[in-house]
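Chain by chain, the residues:
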Amino acid sequence: MGRFFLGDVEEAARAFVRIEYYASDPGIPRPDKDTVVERVAAKPGFAHTKLVYDSALWRLLGPTLPSPDEREEMINQAIRQLIFVERMQDPALRLLVRVASICRLPTPASAYRRVIRRFARKRSITCLLLLCLLYRRAIEVGAVDEVRILREGVLAAVRHFCNRPGFSGAAFTLLLFLVRRRVLAGQSSLEHTLEMQLWAEDVLADWSVRCTTPEEHQWLERQTWLVACAIENLEQTQIFERTYELPAEIEALICERDVRQAVTRDPTSRRIEQQCALPEDDEAALPT
C-alpha cells in the first residue's frame, strides 16, 4: 500500500505501518515535501480522504468540547461544506438546513426523524459532524425529543460511514467509542471502568501468557484497551455479568467487527504467535 500511494520514496512500505500502529500524523511533511495525506488524495478515487483528514469532527472528538459560539460556527461551516464543497445533490438538503437553523420553526417529530435518518445514511464525515453538533446543541437547550432522535442518527451515521471496504474493525470500534464518550456522553476521559478492563483481559487471556518483553506487554495493554472499547460500545453491556464465557452478543460483535482478527494481523502479535508456535512433532503429540 505504501508504494502504491507514495511511489518508491524511502521507507514507503513502512509509512502506513507507522501511522496505524504508532499514531503518527500523516499530515506532517515528508522529506520530499509532500505529506502522506496529499499523496493519497492525489490518487484517482481517493480525493475524499483529505476531506476526512481536514474534518472538524476531530476537533469535536477532542478532550474539550467547543463553546456554544464555536459550535454554532462549526454548524454553519458544515452546512456550507455540504452545499459548496461536497455539492450534495439531495432534495432534502434544504430541509436539513431548516432543521439545523437555530431559529427554525417547530418541526413535527416524524419529519425531524425522517430527515435525520436520511442524512445518517450518507457516508459523509460532514453529515456525521453535523449530526454530532446538533446533538450537543439539543443537549444544551434540553430538547429531549430531539436528543433521542439525534442520538439514534449519530450512531447510525458512524456505522454507515465505517461500513465500506477496507475499513478495519479496530478503526470502527475506536471511532464509535470516541463518539459515544466525547459526543453522546460529553466526557473527556477515555479510561475504562475496572469491570470493563477485567472483561477485556478475559477476552485476551490467551495472549497475556505469551507476552514476555516490555514491548509485547505494551502492545497487549493497547489491545486490551481496544477490546474494552468494543465491549463498552454495546448498548446494554450493563445487563451482563462478567464471566469467562463471553455473552453471545459480545462474541458476535468482536467477530463481526474483526477486532480479534485485527489483533492477529498486528506485526507484534504475529511475532509472538510465531515465537510460541509448537514444533510440528510436539504439536502432533498433543492429546486430541
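Cut-offs applied
Residues numbered from 1 in each chain as written. Predicted model: local features only at pLDDT ≥ 70, side-chain atom pairs only at ≥ 80, totals over all residues. Heavy atoms only, no water. Helix = DSSP H or I, 4+ residues; strand = E, 2+ residues; numbered from the N terminus. Buried < 20%, exposed > 50% of the residue type's maximum accessible area, 1.4 Å probe, protein only. Contact = heavy atoms within 4.5 Å. Areas by Shrake-Rupley, 256 points an atom, 1.4 Å probe, with all protein chains shown as cover. Phe/Tyr/Trp six-rings, centres within 6.5 Å; stacked < 30°, edge-to-face > 60°. Lys NZ or Arg CZ within 6 Å of the ring centre and 35° of its normal. Axes fitted to C-alpha atoms, helices over the stretch in contact; angles between N-to-C directions. Parallel < 35°, antiparallel > 145°, perpendicular 65-115°, else oblique. Nonpolar A, V, L, I, M, F, W, Y, C, P; charged D, E, K, R; others polar. Arc of directions from axis to C-beta. Salt bridge = Lys/Arg side-chain N within 4 Å of Asp/Glu carboxyl O. Polar contact = N/O pair within 3.5 Å; in protein donor to acceptor, adjacent residues only side chain to side chain. Patch = residues over 30% accessible without salt bridge, like charges linked within 9 Å, V, L, I, M, F, W, Y side chains within 5 Å.

Draft legend 1. Broad picture of the overall build of the chain. Across its full length, the chain holds 18 helices and zero strands. For the chain, buried positions account for 40% of its 288 residues. When contacts within the chain are restricted to residue pairs at least 6 apart in sequence, those whose partners lie at least 24 apart make up 63%. Taken as a whole, the chain presents about 16800 Å² of accessible surface, with 54% of it coming from carbon and sulfur.

Draft legend 2. Main features of the packing of aromatic side chains. In this structure the tally under the stated criterion is one aromatic pair. Here the aromatic rings of F177 and W225 are separated by 5.6 Å at their centres, their planes lie at 85 degrees, and the arrangement is edge-to-face. A residue pair is termed long-range when its members are at least 10 positions apart, and F177 in helix α11 (residues 169-184) and W225 in helix α14 (residues 214-232) qualify at 48 residues. Relative accessible area serves as the criterion here: at 25%, W225 is assigned to the partly exposed category. Here K122 stacks its cationic end above the ring of F119, 5.7 Å away from the centre of that ring.

Draft legend 3. A look at the packing of helix α6 (residues 68-85) against helix α7 (residues 93-100). Put simply, α6 and α7 touch, their axes get as near as 11 Å, and they point 175 degrees apart. By the criterion of interaxial angle, the relationship of α6 to α7 is roughly antiparallel. In this structure, α6 contributes I75, I79, L82 and I83 to the contact, and α7 contributes L93, L96, V97 and A100. Residue composition of the contact of α6 with α7, by class: eight nonpolar, no polar and no charged.

Draft legend 4. Highlighting helix α12 (residues 194-203). Those residues of α12 lying buried are M196, W199, A200, D202 and V203. One side of α12 carries all its buried residues, which in axial view fall inside an arc of 155 degrees.

Draft legend 5. How the structure looks around the environment of M74. Mapped onto the fold, M74 is located in helix α6. A sequence separation of 18 residues divides M74 from A56, and the C-alpha atoms of the two residues are 7.6 Å apart. Excluding its chain neighbours within four sequence positions, the residues that come into contact with M74 are A56, R59, L60, P66, L129 and L133.

Draft legend 6. Representation of the pattern of salt bridges within the structure. Overall, the coordinates contain nine salt bridges when judged by the stated rule. The closest approach of N and O atoms between R59 and E70, which form a salt bridge, is 3.2 Å. Placement of the pair is R59 in helix α5 (residues 57-60) and E70 in helix α6, with a sequence separation of eleven residues. Assessed through its relative accessible area of 31%, E70 is described here as partly exposed. In this structure, E232 engages R181 in a salt bridge whose closest nitrogen and oxygen atoms are separated by 2.9 Å. Highlighted residues: E232 in helix α14 and R181 in helix α11, separated in sequence by 51 residues.

Draft legend 7. How the structure looks around unusual backbone geometry. At R123, a position not held by glycine, the phi torsion is positive, near 55 degrees. Within the element layout of this structure, R123 appears in the loop between α8 (109-120) and α9 (125-141).

Draft legend 8. Fine view of the side chain of R180. The topology assignment puts R180 in helix α11. Under the relative-accessibility criterion, R180 is labelled buried at 16%. There is a polar contact of 3.4 Å between the side chain of R180 and the backbone oxygen of N233.

Draft legend 9. Layout of the side chain of R71. Looking at where R71 falls in the secondary structure, it is placed in helix α6. Since its relative accessible area comes to 7%, R71 is described here as buried. The contact partners of R71, leaving out residues within four places of it in the chain, are P66, L133, R136, R137 and E140.

Draft legend 10. Region of interest: the packing of α9 against α11. Viewed as axis vectors pointing N to C, α9 and α11 meet at an angle of 30 degrees, and their least axial separation amounts to 10 Å. By the criterion of interaxial angle, the relationship of α9 to α11 is roughly parallel. For the pair α9 and α11, contact is made by C132, Y135 and R136 and by V179, V183 and L184, respectively.

Draft legend 11. Quick look at a nonpolar patch on the surface. Among the surface-exposed residues, L51, I83, F84, V85 and V97 lie close enough to one another that they form a single nonpolar patch of about 410 Å² accessible area. Sorting elements by how many residues they give to the nonpolar patch places α6 first, with three residues. Topologically, V85 is positioned in helix α6.

Draft legend 12. Quick peek at the environment of E191. Summarising the element assignment, E191 is placed in the loop between α11 and α12. Each C-alpha atom of the pair E191 and A228 lies 9.6 Å from the other, and the pair is 37 residues apart in sequence.

Interpretation in functional terms is not warranted from these geometric data alone.
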